[in-house]
Amino acid sequence: MPELLDERPINAPDSPVRAGIFVQNITKTYKGGKVKALSALSLEIHPGEALGLVGPNGAGKTTLLSCLMGFLRIDSGSILIDGEVPDALTTRQLVGYLPERLTFDRWMTGRDYMQYHHELAGMPESTRKSDCEILLERVELPPSTWSMAVKKYSRGMLQRLGFAQALVGKPRYLLLDEPASGMDPSGVLIVRQLLKTLKQDGLTILLNSHQLDQIEKVCDRVAFLKEGSVNRIEDMHVKIEQEENLIIRWLAHTTELGVEDFGRIAQKECLNIAEINNDFARVSTASSAATVKLIKALVAADFPINEVRSEDTRLERLFINSSKEGS
Amino acid sequence: MNRAVCITTWREFKANKVRIIMLTLLFLAPLVVFTMRRCTSPEALNEDLLSHPCMASLFTLLWAAGVIGREVQNGTIALVLARPISIATYVYSKWFAVAFAASLCAVEAVFCEHIISAVNSPALLWQTEFLTNSVERVLLCFGTAAFLILLSSLVSGLKDLALLAGFGFIFMTLATVGSMVHHLCAAANFDAELARGLAKSVEHIFVGIIYPYIPLSVFFSGDLFAVGSLISYSTLITCSLALAIKVLTRKEFSYAAD
């Protein structure tokens, strides 16, 4: 969909206005200052980057997105999107937004809804029909549903329509709050693929999701939010050595080697065995290198292993560690 | 003015069956009353039976009730304001959409009434009273719509109707208190002119807000009252819309606050 991408010039590197989203020391409170939602939060999102937001419920992720959209007024600090404040009309032209709790004018059809937002975005009438159809196809919403009233849509279909809506108006920045919420597995895969393609096309994406695997597969960096501020930022392109929890399965009926033999090898490699069975063990290794060493030792001992997999992803481990650090 | 916002306001009304039924009833009610009058009184056959321009206020109320409040309640306003549309444009578009649609309905109703009168008595066809009535209705629609847009921007859902009822109640209370004070002053042999003047002023302000009616006959007479009416009418529209914009600008539209 190159014709639906933003073709506006990005600010030159020497321009006084920096391209990207710059959040500096923002604070946001509710109920007259009694509830602190964001506390001295700072964040930079560079053009073309996909940044994931991870954190427990109430960490301030949705509040941050709402502040970036200009729906909420910050108490202090500053937010600049391409050098402009979030509620400037020029900024709104650059940003596509998908809220978590998306609400629709339920009497509209899917096509009407898209065309309405196309017109609101100030896009030309001549391309309205084709642009909307391309976007609806992009989120794989069946054409038979385009003329159906939105009130008849399932949760997953609404979410797809919402995603298509966020892409109306050739946005440069995409702020997504739980984009795959309520979707079936195929929908989740479509969203993941779409996010990857959009990122390749140069869109800057801010993704808030509880689906850590989705964030891990799409995002360049991940910001861990806790109690309204950024706890840590992880670069997903940098490899790190950390403890890994593995599940190992072997074909017990094809070998005389048993649980004792596995225990002996594990002890030799200084592993922690959390659980062991006839044909299955859950172990933790100190690093990826230790994992490789273990697999080599098992193969050398003719252990008929048929599956070795990580029990949790890198982001899950980081999230767990981040939660532990805080507490 | 944004075309998309206007069209969506009209289409949303069209999708609401209850409102369509109420609109039809509002349209038919005067026709039924006039038909009964013609049946019971033969002289009425020769009269151009037109309903009062105040019917325009009812049409406007039907169109304007919750026009912004429902979007605030549903959360759809957030996605509209996420687009490059200013709150001022949004408010003007809603006002225009409501006022234009209500004017159209009100004028259509008076035309129907006139045509039916003309069918009964063809000589009435060239009477121009219905034209004056139509213009008055249009002015009334635009004035009332501005105030109702303000009420709708203050609250969510259809609570603006409660606000309107509250406004009416305050007006009635003040009018009653004013009248009581006037009578008390008169009974105690005090100069009642000040109290009466004050009560009248309050009454005029309230009536001017709820029912911004400008009789065209007075308007073209060159009377000073007409100038005053015109000033209060334009003040009502300007202040109502400016306040609605101010209120919406200060509101936060996010479920994150929940």
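Residues numbered from 1 in each chain as written. Chains lettered and ligands numbered in written order. Predicted model: local features only at pLDDT ≥ 70, side-chain atom pairs only at ≥ 80, totals over all residues. Heavy atoms only, no water.

### Structural notes on the overall build of chain B
Helix and strand content of chain B: eleven helices and zero strands. Listed by position from the N terminus, the elements making up chain B come as α-α-α-α-α-α-α-α-α-α-α. When its C-alpha atoms are laid out on the principal axes, chain B stretches across 65 × 60 × 35 Å. Buried residues in chain B amount to 46% of all 258 residues. Within chain B, contacts between residues at least 6 apart in sequence are counted, and of these 79% link residues at least 24 apart. Accessible area for chain B stands at about 12,900 Å²; split by element, carbon and sulfur atoms hold 73% of it. The centroid of the 17 positive side-chain charges in chain B is displaced by 13 Å from the centroid of its 16 negative side-chain charges. (Helix = DSSP H or I, 4+ residues; strand = E, 2+ residues; numbered from the N terminus. Buried < 20%, exposed > 50% of the residue type's maximum accessible area, 1.4 Å probe, protein only. Contact = heavy atoms within 4.5 Å. Areas by Shrake-Rupley, 256 points an atom, 1.4 Å probe, with all protein chains shown as cover. Lys, Arg positive; Asp, Glu negative; His and termini not counted. Charge placed at Lys NZ, Arg CZ, Asp CG, Glu CD.)

### Things to note about the interface of chain B and chain A
Interface extent is often summarised as the accessible area lost during association of the parts. On the chain A side, the residues contacting the 30 residues of chain B number 34 residues. If you look at where chain B meets chain A, you find three salt bridges. Here R11 of chain B and D112 of chain A are joined by a salt bridge, their closest N and O atoms 2.8 Å apart. Where chain B packs against chain A, one counts 13 residue pairs in polar contact (both at pLDDT 80 or more). Looking at the side of chain B that touches chain A, the elements that each hand over two or more residues are helix 1 (3–14), helix 5 (76–81) and helix 11 (224–250) of chain B. (Salt bridge = Lys/Arg side-chain N within 4 Å of Asp/Glu carboxyl O. Polar contact = N/O pair within 3.5 Å; in protein donor to acceptor, adjacent residues only side chain to side chain.)

### Concerning the pattern of salt bridges
Residues and elements named next belong to chain A. Tallying each qualifying case throughout the model produces 18 salt bridges over all chains. Here D184 and R160 are joined by a salt bridge, their closest N and O atoms 3.6 Å apart. Within this pair, whereas D184 is found in the loop between strand 6 (173–177) and helix 6 (185–200), its partner R160 is found in helix 5 (residues 155–166), the two being separated by 24 residues in sequence. The class for R160 is buried, based on a relative accessible area of 13%. For the salt bridge of D213 with R192, the shortest nitrogen-to-oxygen distance reads 3.1 Å. Here D213, found in helix 7 (residues 212–218), pairs with R192, found in helix 6; they are 21 residues apart in sequence, far enough to count as distant. Each of R111, K129 and E133 takes part in salt bridges that share partners, so that together they form one network.

### A look at the environment of L174 of chain B
All names here are of chain B. Relative to the helices and strands, L174 is located in helix 8 (residues 159–187). Taking the C-alpha atoms as reference, L174 lies 9.8 Å from F206; in sequence the two are 32 residues apart. With sequence-adjacent residues up to four places away left out, L174 is seen in contact with V202 and F206.

### Quick look at the confidence of the model for chain A
Detailed reading of predicted coordinates is not advised where the pLDDT is low. The predicted model of chain A has a mean per-residue pLDDT of 85, with 92% of residues at 70 or higher. No element of chain A has a lower mean pLDDT than helix 10 (residues 314–326) of chain A, at 69, and none a higher one than helix 3 (residues 110–120) of chain A, at 95. (pLDDT = per-residue confidence, 0-100.)

### Some points on the sheet that holds strand 8 (residues 221–226) of chain A
All names here are of chain A. With mixed pairing, the six strands of this open sheet are ordered in space as 5-6-7-3-8-9. A strand with exactly one partner marks an edge of an open sheet, and here the two such strands are strand 5 (95–98) and strand 9 (229–235). Across the sheet, the mean angle separating the axes of adjacent strands is 15° when strand polarity is ignored. For strand 6 and strand 7 (residues 204–208), the ladder comprises five bridges, and the chain directions are parallel. Residue pairing in the sheet places Y173 in a bridge with T204 of strand 7. Against the sheet, helix 1 (residues 61–69) touches strand 3 (50–54), strand 5, strand 6, strand 7 and strand 8, its axis set at about 145° to strand 6. In the packing of helix 6 onto the sheet, contacts are made with strand 3, strand 6 and strand 7, and the angle to strand 7 comes to roughly 150°. (Pairing = 2+ DSSP bridges. Axes fitted to C-alpha atoms, helices over the stretch in contact; angles between N-to-C directions.)

### Comments concerning the sheet that holds strand 4 (residues 76–81) of chain A
Residues and elements named next belong to chain A. A sheet is described by the order of its strands in space; here three strands give the open sequence 2-1-4, paired in antiparallel fashion. Each edge of the sheet is formed by a strand with only one pairing partner; in this case those strands are strand 2 (35–45) and strand 4. The average angle at which neighbouring strand axes cross in this sheet is 25°, direction not considered. Of the strand pairs in this sheet, strand 1 (residues 21–30) and strand 4 are connected by five bridges, and their pairing is antiparallel. Bridge assignment links V23 to a residue of strand 4, and that residue is I79.

### Brief notes about helix 1 of chain A
All names here are of chain A. Buried residues dominate helix 1, accounting for nine of its nine residues. Within the span of helix 1, buried status applies to K61, T62, T63, L64, L65, S66, C67, L68 and M69. One or two steps after helix 1, the chain reaches G70, where phi turns positive at roughly 85°.

### Some points on a positive patch on the surface
A cluster of basic side chains, namely R106, K151 and K152 of chain A together with K17 of chain B, defines a positive patch on the protein surface. Tracing the backbone through its elements, the reader meets K151 of chain A in the loop between helix 4 (128–138) and helix 5. Residue K151 of chain A is classed as exposed on the basis of its relative accessible area, which comes to 52%. (Patch = residues over 30% accessible without salt bridge, like charges linked within 9 Å, V, L, I, M, F, W, Y side chains within 5 Å.)

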